[in-house]
Amino acid sequence: MTAKPQMPQATSVYGEVRHDWNRQQVLDLFALPFNDLLFTAQQVHRQHFDANRVQVSTLCSIKTGACPEDCTYCPQSARYDTGLEREKLMKVEKVVEEARAAKAGGATRFCMGAAWRSPKKKDMPYVTQMVKEVKSLGLETCMTLGMLTDEQAKDLADAGLDYYNHNLDTSPEYYGEIITTRTYEDRLTTLGNVRAAGMKVCAGGIIGLGEGEKDRAGLLIQLANLPDHPESVPINMLVKVAGTPLAENEDLDPFEFIRCIAVARIMMPKSHVRLSAGRESMNDEMQSLAFLAGANSIFYGEKLLTTGNPEANKDMQLFARLGIKPEEYQQYQDEASVEADLQAQITEQQNDPFFYDAAKA
Ligand code: SF4
């Protein structure tokens, strides 16, 4: 007699926002057969989101390189010789120009990143001005500037900043292997300051640092057991940059990455789970598995800080092939125009004699 197929645990157990995850529960999720894990994650995803919508953000590096921190994965650290060209803080007008282009390309959120330990007093008037002007274009705004004091968080919130990104990177146990110049507690304090100022939180981590599954579980437990789940949870795949201490790390099994997306989706059912750094090295099939596992946000078009990002055209083609549409910005005044912009670009490319339409091949 053939054994009765085992169904994944009833998804009614999952899908609710919880802040009491323990290690064993999370390791049990990681240990599920791949199909069961993806099935469960997709069911949870559909409880809270349209499964065929993906939020689209554009990232702009407003100050590049020469960072005093020692994050071992990062080409922007001044401690590693990666050949990265340093750039001073970008002029406000230039940032606004980039934001305008991002909006025209279909982005609804504009993220501005500076390679700082934390912003200095003299920087604050510039960054707050950037927030005001980018927001006035009808874009959601996000910044990542390093650690923030409560006062700095308040200044950014007063300027209208919607999201602040500050990643936890990995588990508290593995963290010391990756960064020594700031503590896990420092990171949690910044996230607390961002929340207290009333901004939304974007916080996630990196997979492929050499961590084990228990560390991936540990990272997700830290994020999911915060008093409020981050609204946005970037799950990055290590981009190995020559000159950084992690350049020779072993390649990550892509299924391990997809598992992490699925577990994040189950543990933080109402958050946007974002495919971030490392997407360039993912083929279309892997990206579509990530969407199936519950990823519903990407960076689009522009460079992802200093590492490459797939060409915008390729993203649009993949969206079209999968029947995915970009999610609108809720406060966007002219919601239809985001889709119209994207559709116009897809049509324009399809009319290009060199356009390869894999859907029709
Ligand atoms: S990750 Fe951020 S804080 Fe760390 S070295 Fe890079 S820019 Fe600096």
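Everything that follows concerns the structure shown earlier in this document.
Basis of the calculations
Residues numbered from 1 in each chain as written. Predicted model: local features only at pLDDT ≥ 70, side-chain atom pairs only at ≥ 80, totals over all residues. Helix = DSSP H or I, 4+ residues; strand = E, 2+ residues; numbered from the N terminus. Expected span 1.5 Å × (residues − 1). Buried ≥ 20, exposed ≤ 12 C-beta atoms within 10 Å, placed from the backbone. Arc of directions from axis to C-beta. Contact = placed C-beta atoms within 7 Å. Near = placed C-beta within 6 Å. Nonpolar A, V, L, I, M, F, W, Y, C, P; charged D, E, K, R; others polar.

Asks: What am I meant to see in helix H3 (residues 92–104) here?
Replies: Along its 13 residues, H3 runs 19 Å from first to last C-alpha, staying within 8% of the 18 Å computed at 1.5 Å per residue. For H3, the set of buried residues is Val95, Ala99, Ala102 and Lys103. All buried residues of H3 project into a common sector of 95° when viewed along the axis, lining one side. Summarising the geometry of H3, the exposed residues directed more than 90 degrees from the buried face are Glu93, Lys94, Glu97 and Ala104. Residues of H3 that are buried make contact with strand E1 (53–63), strand E2 (109–114) and helix H4 (124–135). Among the residues trailing H3, Gly106 stands out with phi positive, at a value near 105°.

Asks: Help me understand the site of the ligand, please; the structure alone is not making it clear to me.
Replies: The immediate surroundings of the ligand are formed by Cys67, Glu69, Cys71, Cys74, Gln76, Ser77, Ala115 and Gly146. Among the residues forming the shell around the ligand, the class breakdown is four nonpolar, three polar and one charged.

Asks: What exactly am I supposed to notice about unusual backbone geometry here?
Replies: Residues other than glycine predominantly adopt negative phi, and peptide bonds predominantly adopt the trans conformation. For Ala66, which is not glycine, the phi torsion reads 60° and is therefore positive. Look at Ala66 and you get partly exposed, because 14 C-beta atoms sit within 10 Å. For Asp169, which is not glycine, the phi dihedral falls at a positive 75°. Following the sequence through the fold, Asp169 ends up in the loop between strand E4 (163–165) and helix H6 (172–178). The class for Asp169 is buried, based on 22 C-beta atoms found within 10 Å.

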